[in-house]
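The residues making up each chain are set out below.
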Protein chains: 2
Amino acid sequence: MSEEKNPIGDSDELQGQLQEIEHLLARHKLVEALTHQQNVHRQELLDDLIHKQNQNELHRKLDRMHSADVAYILEALPLEDRLLVWDMVRSEQDGEILLEVSDAVRETLIDSMDRHELVAAAESLDTDELADLVPDLPQEVVEDVFQSLTSEEREQLRAAMSYPEDTVGALMDFDMVTVREDVALEVVLRYLRRFDELPEHTDKIFVIDRNSILQGVLTLESLLINDPETDVRDVMIKDAVRFRPEDRAEEAAQAFERYDLNSAPVVDENNRVIGRITLVTVVDFIREESEAEQLANVGLREEEDIFASVWNSVRNRWAWLAINLVTAFVASRVISLFEGSIEKIVALAALMPIVAGIGGNSGNQTITMIVRAIAMGQVKSDAARRLLKKELGVALINGVLWGGLLGILAWWLYDSIQLGLVMTSAMTMNLLLAATAGVGIPLLRLRLGGDPALGSSVMITALTDSGGFFIFLGLATLFLL
Amino acid sequence: MSEEKNPIGDSDELQGQLQEIEHLLARHKLVEALTHQQNVHRQELLDDLIHKQNQNELHRKLDRMHSADVAYILEALPLEDRLLVWDMVRSEQDGEILLEVSDAVRETLIDSMDRHELVAAAESLDTDELADLVPDLPQEVVEDVFQSLTSEEREQLRAAMSYPEDTVGALMDFDMVTVREDVALEVVLRYLRRFDELPEHTDKIFVIDRNSILQGVLTLESLLINDPETDVRDVMIKDAVRFRPEDRAEEAAQAFERYDLNSAPVVDENNRVIGRITLVTVVDFIREESEAEQLANVGLREEEDIFASVWNSVRNRWAWLAINLVTAFVASRVISLFEGSIEKIVALAALMPIVAGIGGNSGNQTITMIVRAIAMGQVKSDAARRLLKKELGVALINGVLWGGLLGILAWWLYDSIQLGLVMTSAMTMNLLLAATAGVGIPLLRLRLGGDPALGSSVMITALTDSGGFFIFLGLATLFLL
């Protein structure tokens, strides 16, 4: 690991630094342009001097920056400026920075690097970090890097990459300090003093036996507050929370939150320590999950670089639009079944989107609530009946309340009490449909072993749209014609 | 702080424990019911014995549980069972558990406790924890608790409660270890050994002068790996990241993630240390923020206890339905402007929801992307022009692509090339409207100092619905009649 620079910390100051760099870049590009354009020699010396000064200042600024701050600057710059800055960054920082930036920006940076630079950047990383980067690297770079690893590191890399993205195995690192239980704290203290640095975020040391079997954990706290003569085994925590690499990362994240952990050992089926998972990694995971969810809600496949080309954006967004187009088309065909009725009572056309829309809103509320309860582990698939009963109750009240209000409005606007009654009944029935689907869809998907959250909003909206149109226009055809 | 119990950790095992407790509770209630009903004395002794055994087993189970695990059990039980279990929990754990459960469940638990129990529970907490609980406690309990605090604790409580919920001040605690810079590490080590325990999640010690002014931080790591003869000043980090209590919590959270912090000092305007903020608190904040956002997206005012009454659910959800009803009603009035046209070409009624719907989908994609970029600090309000240009480009491509496809479908279905052309143009125009609003709404709100995320989805959907109907039906009226 390269030596850490001082972080800027304050976000206003970070913005200020960004502006200064933008300013320097603008000057830099201006001078470059002038030199190329004029093609005269008279001013060359002076220009050159300004140019050098300017560049030096940029270099100096970037050299002093924490890699996370450089990453922030790179994210906020348009492609051309971004690559200019990237060129000026000290190459020892390259690896760290590649880890910090978003996937979309990482791609643009990697594209601009040659094989040699990429290998150098990759080699500066720990194996668990490398595992995150490898999928984005060109094949020949990966091979070069692999050659440069020790056999233990290769094994770690292979292990880290063998676990699916949403498991503890993909989040764990291999840096840890282990001690035996039969030594005194004094010995541990002396042992630690031989380190140049401890693994990042070490808050506990793992106590193992000669076969690497986990015996307990020794917190730095108990190491520090207890008499150095005490034996490790007398102050270690025997049944500390541990994880298996196959455990779902989301579950580990919940355990970290529940028990306020800062780090925990990862063990194999024989309780042998194979790695460690830290809260800092868990936080990244939580943030990424919540971002992925936000994006998935509106069908964005991935984080978009705000400077991405129009074409990249179109590709990122098309699938969702296509799905919604299909569901909208189906709803449209449902309406066209009743064109005869609409021709006779044109008010139906104006009122039908209300029935469909409110059904969608209410259904999305129900499904969000249920999906969250499932994620918190509070709902098993056998809770269906109780939840359904409650949601149907809510839907009935809302139907009578809001449906009644709209019925009165329809009656008043179109002077037809029958139309008002159809409106109220259709609203109530569509809300009941929304409640049933809002409970049913996620529980069914849970029982079938799927992710209850994925695409559930699109599904329920499709159902309440087509369903709403069908119910309202159907009732109108039955009772008003 | 009460002594920590062993956490269960594994979520399957937690589910298992929940089932066992449900089973024991069912037996418990059965025996109670029998005893009441039968009113006979013959079996009393036997029943009593079973009852006692049953209750003892429940008590034993709960006593061994980590407070976070008890909180999980309480959340997952319906009200009656929840209060039964709550009665059996050892009172020393009450305070911790009240902090762990969700707001909705906390309310049900507090309602079931008398003044004396509440005061006892509150008194078991640290002042920063107490600050989180106070808003939910009855006034007279707060007064009793306040009486029992030392004057320093009262000051801390007042300070913690004086900061708005989304600031660093509201997240900080007052537990920390401070040392002077001119002592040797040996002295610090001896000093720490006098503690019974360190503040939770201590990864660094704050180095202050005699006026409490922050001089630097000493990580436990450097305390452990360096020669004990070294002076603190030689190994401390001088310009570590620090926060002010007025700083926005979201910004602090981003800094914690950017710089991989585990804890950081909170200082006042004179750089005097007044508290500490830890990653564990930050994680809770991040999770709460992301949950609040998920709920706000579908207009749920707060987390719903899944066992809440129908009536509570209706209250939690009504405001959003009301707003959506208003926007749907407006869209309905827009349609009714064109009733004459629909009467003549009834196909318009079937096609118009497609135009409105796809506009809403596309607008929500744009707005989500922009809101996220703003939250990451990557967009300033002056970026409007560039972003607008790009989004308009995306909209144009999608309009020609998807609008063209639908135009052809409309042509084919209704055998009218003019209708197809109107469909394509209306789709394109509504997508352009969605793009403009998707960029404009959040940037305008940012410039006006509001939260760009709040309610933006409702706004853009309202606009693309009414706008889409108006554009499509307007074009149809102009060109088809």
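Visitor: Describe in detail the relation of the copies chain B and chain A, supporting the description with residues and values.
Guide: Here two copies of a chain appear, and what relates them is a rotation about an axis with a shift along it. The two copies are related by a screw motion: chain B maps onto chain A through a turn of 180° and a shift of 0.0 Å along the axis, at an RMSD of 0.1 Å. When the rotation and shift are considered jointly, the pair of chain copies conforms to a two-fold rotation axis. Interface overlap between copies is the fraction of interface residues in one copy that are interface residues in the other; for chain B against chain A it reaches 99%, indicating a shared surface.

Visitor: Explain the packing of helix H20 (residues 384-414) of chain A against helix H17 (residues 310-337) of chain B to me, using residue names and the numbers behind them.
Guide: Closest axis-to-axis distance for the H20(A)/H17(B) pair is 10 Å, and the angle between their directions is 30°. Between H20(A) and H17(B), the crossing angle belongs to the class labelled roughly parallel. In the packing of H20(A) onto H17(B), the handedness of the crossing is right-handed. In this structure, H20(A) uses Lys390(A), Glu391(A), Gly393(A), Val394(A), Ile397(A), Asn398(A), Trp402(A), Leu405(A), Leu406(A), Leu409(A), Leu413(A) and Tyr414(A) to contact H17(B), whose residues at the interface are Val310(B), Trp311(B), Ser313(B), Val314(B), Arg317(B), Trp318(B), Leu321(B), Ala322(B), Leu325(B), Phe329(B), Arg333(B) and Ser336(B).

Visitor: Describe the pairing of strand S3 (residues 214-219) of chain B, naming the residues involved and giving the relevant values.
Guide: Note on strand geometry: in a regular strand, side chains alternate between the two faces of the sheet. All names here are of chain B. Most of S3 is tucked away, with 5 of its 6 residues classed as buried. Across 5 bridges, the pairing between strand S2 (residues 204-208) and S3 is antiparallel. Across the sheet, residue Ile205 finds its bridge partner in S3, namely Leu218. Turn length for the S2-S3 hairpin, with the two strands adjacent in sequence and antiparallel, is 5 residues, and the turn residue Ser212 shows positive phi of about 70°.

Visitor: Let's hear about the sheet that holds strand S1 (residues 178-179) of chain A: which residues, and what values?
Guide: Residue and element names in this part refer to chain A. Judged by pairing direction, the sheet is mixed, and its 3 strands sit side by side in the order S1-S2-S3 without closing on themselves. Each having just a single partner strand, S1 and strand S3 (214-219) make up the two edges of the open sheet. Two elements, S1 and strand S2 (residues 204-208), share 2 bridges in a ladder whose sense is parallel. Each bridged residue has a counterpart across the sheet, and for Val179 the counterpart in S2 is Val207.

Visitor: Quick rundown of helix H21 (residues 417-447) of chain A? Include the residues and the values.
Guide: Its 31 residues give H21(A) an end-to-end C-alpha distance of 45 Å, which sits within 8% of 45 Å, the value for a rise of 1.5 Å per residue. Once H21(A) finishes, Gly449(A) follows within two positions and takes phi at roughly 85°, a positive value.

Visitor: Describe the interface of chain B and chain A, naming the residues involved and giving the relevant values.
Guide: The interface is formed by 127 residues belonging to chain B together with 126 residues belonging to chain A. Taken over both partners, the interface formed by chain B and chain A buries close to 11200 Å², and the fraction arising from carbon and sulfur atoms is 62%. It is Leu224(B), Ile306(B) and Gln365(B) that lose the most area in chain B upon contact with chain A, and together they represent 7% of the buried surface on that side. Joining chain B to chain A, the criterion identifies 10 salt bridges. The tally of links between chain B and chain A comes to 29 residue pairs in polar contact (both at pLDDT 80 or more).

Visitor: Tell me about a negative patch on the surface, and name the residues and values.
Guide: Residue and element names in this part refer to chain A. Together, Asp103, Glu107, Asp111, Asp132, Glu165, Asp166, Glu288, Glu289, Glu293, Glu302 and Asp451 make up a region of like negative charge exposed at the surface. With respect to the element layout, Glu107 can be found in helix H6 (residues 103-111). Judged by relative accessible area, which is 52%, Glu107 ranks as exposed.

Visitor: Kindly report on the sheet that holds S3(B), identifying the contributing residues and their values.
Guide: Sheet strands pair by backbone hydrogen bonding; their relative direction is either parallel or antiparallel. Sheet architecture is open: 3 strands sit in the order S1-S2-S3 (chain B), paired in mixed fashion. Sheet topology places strand S1 (178-179) and S3 of chain B at the edges, where each strand pairs with a single neighbour.

Visitor: Just give me the short version of the packing of aromatic side chains, but keep the residues and values in it.
Guide: Per the stated rule, a full pass over the model turns up 8 aromatic pairs over all chains. Here the aromatic rings of Trp318(A) and Trp402(B) are separated by 6.4 Å at their centres, their planes lie at 15°, and the arrangement is stacked. Placement of Trp318(A) in helix H17 (residues 310-336) and of Trp402(B) in helix H20 (residues 384-414) is noted, with the two residues assigned to different chains. Classification of Trp318(A) as partly exposed rests on a relative accessible area of 42%. Classification of Trp402(B) as buried rests on a relative accessible area of 11%. Plain terms: the ring middles of Phe338(B) and Phe470(B) are 5.8 Å apart, the flat faces sit at 70° to each other, and that makes the pair edge-to-face. A residue pair is termed long-range when its members are at least 10 positions apart, and Phe338(B) in the loop between H17 and helix H18 (339-344) and Phe470(B) in helix H22 (residues 456-480) qualify at 132 residues. For Phe338(B), a relative accessible area of 12% translates into the label buried.

Visitor: So what's going on with the pattern of salt bridges? Which residues, and what values?
Guide: Taken as a whole, this structure holds 36 salt bridges over all chains when the rule is applied. When the shortest N-O distance is used, the salt bridge between Arg233(A) and Asp231(A) registers 3.7 Å. Note that Arg190(B) and Glu186(B) form a salt bridge whose closest N and O atoms lie 3.9 Å from each other. Here the residue Arg190(B) and the residue Glu186(B) both occupy positions in helix H12 (residues 185-192), the gap between them amounting to 4 residues, near one helical turn. Residue Glu186(B) is classed as partly exposed on the basis of its relative accessible area, which comes to 28%.

Visitor: An account of the side chain of Glu75(A) is requested, with residue identities and associated values reported.
Guide: Take Glu75(A): it is sitting in helix H3 (residues 67-76). Buried Glu75(A), no salt bridge; nearest opposite-charge side chain is Arg82(A), N-O distance 6.1 Å. Setting aside its immediate chain neighbours within four residues, Glu75(A) contacts Arg82(A), Val101(A), Ser102(A), Val105(A), Phe307(A) and Gln378(B).

Visitor: Provide a residue-level description of the nonpolar core, including the pertinent values.
Guide: Nonpolar side chains in soluble globular proteins generally cluster together in the buried interior. Counting 132 residues, the largest nonpolar core has Phe243(A), Ile277(A), Phe243(B) and Ile277(B) as the members making the most contacts within it. Once residues lying within four places of it in the same chain are set aside, the contact partners of Ile277(B) are Val168(B), Leu171(B), Phe243(B), Phe256(B), Ser263(B), Ala264(B), Val266(B) and Val282(B). Counting residues in hydrophobic clusters, the runner-up holds 76 residues, among them Phe329(A), Val422(A), Ala476(A) and Ala349(B).

What counts, and where the lines are drawn
Residues numbered from 1 in each chain as written. Chains lettered and ligands numbered in written order. Predicted model: local features only at pLDDT ≥ 70, side-chain atom pairs only at ≥ 80, totals over all residues. Heavy atoms only, no water. Least-squares fit on C-alpha atoms with pLDDT ≥ 70 in both. Contact = heavy atoms within 4.5 Å. Axes fitted to C-alpha atoms, helices over the stretch in contact; angles between N-to-C directions. Helix = DSSP H or I, 4+ residues; strand = E, 2+ residues; numbered from the N terminus. Parallel < 35°, antiparallel > 145°, perpendicular 65-115°, else oblique. Left-handed = near helix turned anticlockwise from the far one by under 90°. Buried < 20%, exposed > 50% of the residue type's maximum accessible area, 1.4 Å probe, protein only. Pairing = 2+ DSSP bridges. Expected span 1.5 Å × (residues − 1). Buried area = accessible area lost by both parts, 1.4 Å probe. Salt bridge = Lys/Arg side-chain N within 4 Å of Asp/Glu carboxyl O. Polar contact = N/O pair within 3.5 Å; in protein donor to acceptor, adjacent residues only side chain to side chain. Patch = residues over 30% accessible without salt bridge, like charges linked within 9 Å, V, L, I, M, F, W, Y side chains within 5 Å. Areas by Shrake-Rupley, 256 points an atom, 1.4 Å probe, with all protein chains shown as cover. Lys, Arg positive; Asp, Glu negative; His and termini not counted. Charge placed at Lys NZ, Arg CZ, Asp CG, Glu CD. Phe/Tyr/Trp six-rings, centres within 6.5 Å; stacked < 30°, edge-to-face > 60°. Core = buried A, V, L, I, M, F, W, Y, C linked by side-chain atoms within 4.5 Å.

The values reported here are purely geometric and, on their own, carry no functional implication.
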